[in-house]
Amino acid sequence: MLYGLVDANNFYVSCERAFQPRLEGKPVIVLSNRDGCIVARSNEAKALGIKMGKPLFECKELIEAHNVQVFSSNYSLYGDMSRRLMSTLTHFVEEVEVYSIDEAFILADGYEGVYPSIRGLGSAIRQTADQWLRLPVSIGFGLTKTLAKVANRLAKARPELEGVCVLDTPGAISQALEEYPVGDLWGVGGRYAGMLKRNNITTAAQLRDAPDDWIRQFMTVNGLRLVHELRGTPCKLLELSQPARKSICSEPGFGQLVPDLETLTDALTSHLSRCCEKLRKQDLLCGSVTVYLKTNRHRKTPGNGLPVKPYYNSVTVELPHPTSSTPALLKYAISGLKSIFAFGYNYQKVGIMLTDLVPFHYRQKGIFVEGPNEKMIQLSAVVDKINHRYGKDKLRLASQMYNPDWPMKLAYLSPKYTTRWEDILEVK
DNA sequence: TCTGGGGTCCTAGGACCC
DNA sequence: TCTGGGGTCCTAGGACCC
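All of these numbers come straight from a predicted model, not from anything done at the bench. (Residues numbered from 1 in each chain as written. Chains lettered and ligands numbered in written order. Predicted model: local features only at pLDDT ≥ 70, side-chain atom pairs only at ≥ 80, totals over all residues. Heavy atoms only, no water.)

**Remarks on the overall build of chain A**
The cut-off we apply is this: Per the convention used, a helix needs a DSSP run of H or I reaching at least four residues, while a strand needs a run of E reaching at least two, with both numbered from the N terminus. Residue exposure (1.4 Å probe, protein chains only): buried if accessible area is under 20% of the type maximum, exposed if over 50%, otherwise partly exposed. A contact between two residues is defined here by any heavy atoms of the two lying within 4.5 Å. Counting rule applied: Lys, Arg positive; Asp, Glu negative; His and chain ends not counted. Think of each charge as sitting on NZ of Lys, CZ of Arg, CG of Asp or CD of Glu.
Helix and strand content of chain A: 13 helices and 13 strands. For chain A, the spread of C-alpha atoms along the principal axes amounts to about 65 × 60 × 55 Å. Residues classed as buried in chain A amount to 45% of the 428 residues present. Looking at chain A alone, contacts between residues at least 24 apart form 68% of all its contacts between residues at least 6 apart. Taken as two groups, the 53 positive and 44 negative side-chain charges of chain A have centres that lie 5 Å from each other.

**Quick notes on the protein's contact with DNA strand B**
Filter applied, for reference: Near is defined per residue: the residue qualifies when any heavy atom it owns lies within 4 Å of the molecule or strand. The definition of a polar contact used here is a pair of N or O atoms within 3.5 Å, where within protein one atom must be able to donate a hydrogen and the other to accept one, and adjacent residues in sequence count solely through side-chain atom pairs. Only Asp, Glu, Lys and Arg are considered charged, only Ala, Val, Leu, Ile, Met, Phe, Trp, Tyr, Cys and Pro nonpolar, and every remaining residue, Gly among them, polar.
If you check the shell around DNA strand B, you find 13 residues, and the closest are Lys149, Gly187, Gly189, Arg191 and Tyr192. The contact atoms of DNA strand B, taken as those within 4 Å of the protein, divide so that sugar and phosphate hold 100%. Backbone polar atom of Gly189 to a phosphate oxygen of DNA strand B: 2.8 Å apart, as the coordinates give it. With respect to DNA strand B, the side chain of Arg191 contributes an N or O atom lying 2.6 Å from a phosphate oxygen. The set of elements that each furnish at least two residues to the surface near DNA strand B consists of strand E5 (96–100) and helix H8 (190–198). Sort the elements by how many residues they give to the surface near DNA strand B and H8 lands first, with three residues. Looking at the surface near DNA strand B residue by residue, the classes come out as five nonpolar, four polar and four charged.

**Quick word on the side chain of Ser250**
For Ser250, the location among the structural elements is in strand E9 (residues 248–250). The buried category is assigned to Ser250, whose relative accessible area is 11%. Ignoring any residue separated from it by four or fewer positions in sequence, one finds Ser250 in contact with His271, Cys275, Val350, Gly351 and Ile352.

**Observations regarding the sheet that holds strand E8 (residues 164–166)**
Stated precisely, the cut-off is as follows: Criterion used throughout: strands pair if DSSP finds at least two bridges between them. Between N-to-C directions, angles span 0 to 180 degrees; the directions come from axes that are lines fitted to C-alpha atoms, helices contributing only their stretch in contact.
What the five strands build is an open sheet, ordered E5-E6-E1-E7-E8; its pairing is mixed. Sheet topology places E5 and E8 at the edges, where each strand pairs with a single neighbour. Shown here is a sheet whose adjacent strand axes are inclined to one another by a mean of 20°, direction ignored. As judged from the six bridges shared by strand E1 (residues 2–8) and strand E7 (residues 137–142), these two strands associate in the antiparallel manner. Residue pairing in the sheet places Ala8 in a bridge with Val137 of E7. Across the sheet, helix H5 (residues 118–133) is in contact with E1, strand E6 (103–108), E7 and E8; its angle to E7 comes to roughly 160°. Packed on one face of the sheet, helix H6 (residues 145–157) meets E1, E5, E6, E7 and E8 and runs near 140° to E7.

**Observations concerning the protein's contact with DNA strand C**
Taken together, the neighbourhood of DNA strand C is formed by 23 residues, with Ser32, Lys246, Cys249, Glu251 and Pro252 sitting nearest. One nitrogen or oxygen atom from the side chain of Ser250 is found 3.5 Å from a phosphate oxygen belonging to DNA strand C. Of all the secondary structure elements, the ones that give two or more residues to the surface near DNA strand C are helix H10 (212–230) and E9. In terms of residues, the surface near DNA strand C owes the most to one element, H10, which gives five residues. Tallied by class, the residues present in the surface near DNA strand C amount to seven nonpolar, eight polar and eight charged.

Here it is, written out as structure tokens:
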């Protein structure tokens, strides 16, 4: 039995390319929400030295000099392509864990009769993803999820493997781990990588051979699980059903600095509406709401170079009973915002987080307080339906002003090829 | 002289993931 | 001028209980 990790290469870029073949072979990048940072790059863009997470404006010159093709995030398209990719996988294996928008773990077991080898299974998946979706994917197989991750990265890095890497023998595993930088392991971020380096651990093999007590002490039980997985003992199993969400949040920036409570309330209403839609879509109720407010930490005062008066504050308001009604939650959110608002700052973000989530069917009426207002919840569901049909925010609360001056930065958006009738390609 | 020994719950902070 | 937006898990320490 082997774990497999199927990962779409440069996923967002590949989604754009699937519908615009002229982008093949050219440097392409995709931006974060509101066109702020670079979140996906084609191999050609990577080769130019365009870094992940860099703000767009810092790369302007490089982009113009090399005619890099730029796209805003088109989540309708990426989400739909992701769903199609995951459903393609179920044609090959029974057990699929959707791990992220572009990755899935699979369990490859008992397919020897169908495919000549595990490599054969991998190649078949790759070929089908290309044929059905025009998505390039890489596949790694290993004794554990962590080893499958390692194999996946090798499949991407070594062209001679043709997108499929199998680590199923002690020799192959050891050799791979001896050359594998410890910082590239799943579960080792910048902090741990630095700490490990100071202790002369630079390869995955050295980490695998470190004493358990030491790992436990400095990397907690998560580190210990990682080490056991490297040794071939599965500690992270396939999660076939999506675990219930524990929180839902929204904290997009404004794209400009905001000093007044009125505009903050407007933004808060908009974020909350978004969160509540997610909440209802997942059939959940929310028991408490946290609001936070912050200034821009990047902004510096000219002259001394110190950050402009920073401010951060947050407040959590518990609801008398869980609800998913937008107006009901908004009342508490706005009272929270008022309690932490301070004059004299230019705010960059107002964020909102819904926590204490419970499934809708758990709702119960309190003994001394009224239960969730069923009519208000039904009303919100109707609003969702109407907005789904006629467009985002067609129906909205009055405190969410309609402000056409706000620059909605999505300058490079591609059509929603697969989810909007008007955007479907025509074949002539 | 000698000053108990269990628990639970909550929060903040730190690490990580895509 | 312009700097992403979601999530998860673990631990230590404090408050409180009997």
